Amino acid sequence: MPFGSLCRSSALARGGLGTALLEQLLNEARQRGDCALWLEVISCNAAGIALYDKMGFVRQDTLCGFAAPLGNGTINGSVTLTRCDPVTIIGSMIAAPDNALPWMIDPLGTVALPAQGYRWGNDAYAIVATAFTNPQLRTLYVAPAARRQGHARRLLQALAAQFEGICTPVAVPQALTPLFLQAGWEQHPTTQFTLRHSLTKTER
């Protein structure tokens, strides 16, 4: 079960309310039979991270954000994108044996957002959310058999050329950083950590 980072003021911290709230959430999750609890926290939130560490959460990954630079001549606008149904993309991703994604870029999370689906060829897909000030890339997917052939990089370049100011949420796994940088995108200075608490055993 994932949930967002708790907001803690200094007064709440001194009063121990953050600890009490987390203990309640952990107990409720155990009662439901959940096997683990996940959260995301801004990496500079030292007080929050200290609380989660004390409560037994373990860091799993670093999440990054990216934006396509304006007027960057390295962005390739020659790739043609084709509109497609976002539901088709989501269905393909759910059927693929990939690891779970952070909730902000999980394909199921795009269902509730006004969004457009795009594909390049028959193997590379993207979902762009349009309800924000700048268009936001919420899903990037390449069919497993077509990976490591440059499809994702070309798709990112095509999206940058078509959508001025397009960016991602700070929810992209750090392992994908080289892909975005090679496509000409720029990394946002803010990062997040994903933390996990095992509800069935002690991870520490």
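Cut-offs used in this document
- Residues numbered from 1 in each chain as written.
- Predicted model: local features only at pLDDT ≥ 70, side-chain atom pairs only at ≥ 80, totals over all residues.
- Heavy atoms only, no water.
- Salt bridge = Lys/Arg side-chain N within 4 Å of Asp/Glu carboxyl O.
- Helix = DSSP H or I, 4+ residues; strand = E, 2+ residues; numbered from the N terminus.
- Expected span 1.5 Å × (residues − 1).
- Buried < 20%, exposed > 50% of the residue type's maximum accessible area, 1.4 Å probe, protein only.
- Arc of directions from axis to C-beta.
- Phe/Tyr/Trp six-rings, centres within 6.5 Å; stacked < 30°, edge-to-face > 60°.
- Lys NZ or Arg CZ within 6 Å of the ring centre and 35° of its normal.

1. Description of the pattern of salt bridges
When the charged atoms of two side chains with opposite charge come close together, those side chains can pair. The tally for this structure, following the rule as stated, stands at one salt bridge. Among the salt bridges present, the one from R32 reaches D34, with a minimum N-O distance of 2.8 Å.

2. As for helix α2 (residues 17–32)
Here α2 is 16 residues long and its end C-alpha atoms lie 23 Å apart, about the 22 Å a rise of 1.5 Å per residue gives. Among the residues of α2, G18, T19, L22, L26 and A29 are the ones counted as buried. Relative to the axis of α2, the buried residues are bounded by an arc of 95 degrees and lie together on one face.

3. Notes on unusual backbone geometry
The phi torsion at R148 lies on the positive side, around 65 degrees, for a residue other than glycine. Here R148 is to be found in the loop between β8 (136–142) and α5 (151–162).

4. Describing the packing of aromatic side chains
Evaluated as defined, the whole model comprises five aromatic pairs. Look at F66 and F180: their rings are 4.5 Å apart centre to centre, the planes differ by 10 degrees, and that puts the pair in the stacked class. Here the residue F66 occupies a position in strand β4 (residues 66–67), and F180 occupies one in helix α6 (residues 177–182), the gap between them amounting to 114 residues. Judged by its relative accessible area of 2%, F66 falls in the buried class. With 5.5 Å between their ring centres and 80 degrees between their planes, F180 and W185 make a pair best called edge-to-face. W185 sits in the buried class, given a relative accessible area of 2%. One aromatic cluster is present, formed by F66, F180 and W185 through successive ring pairs. Its end group placed over the ring of F193, R59 keeps NZ or CZ at 3.7 Å from the ring centre.

Bear in mind that shape data such as this cannot, by itself, settle questions of function.
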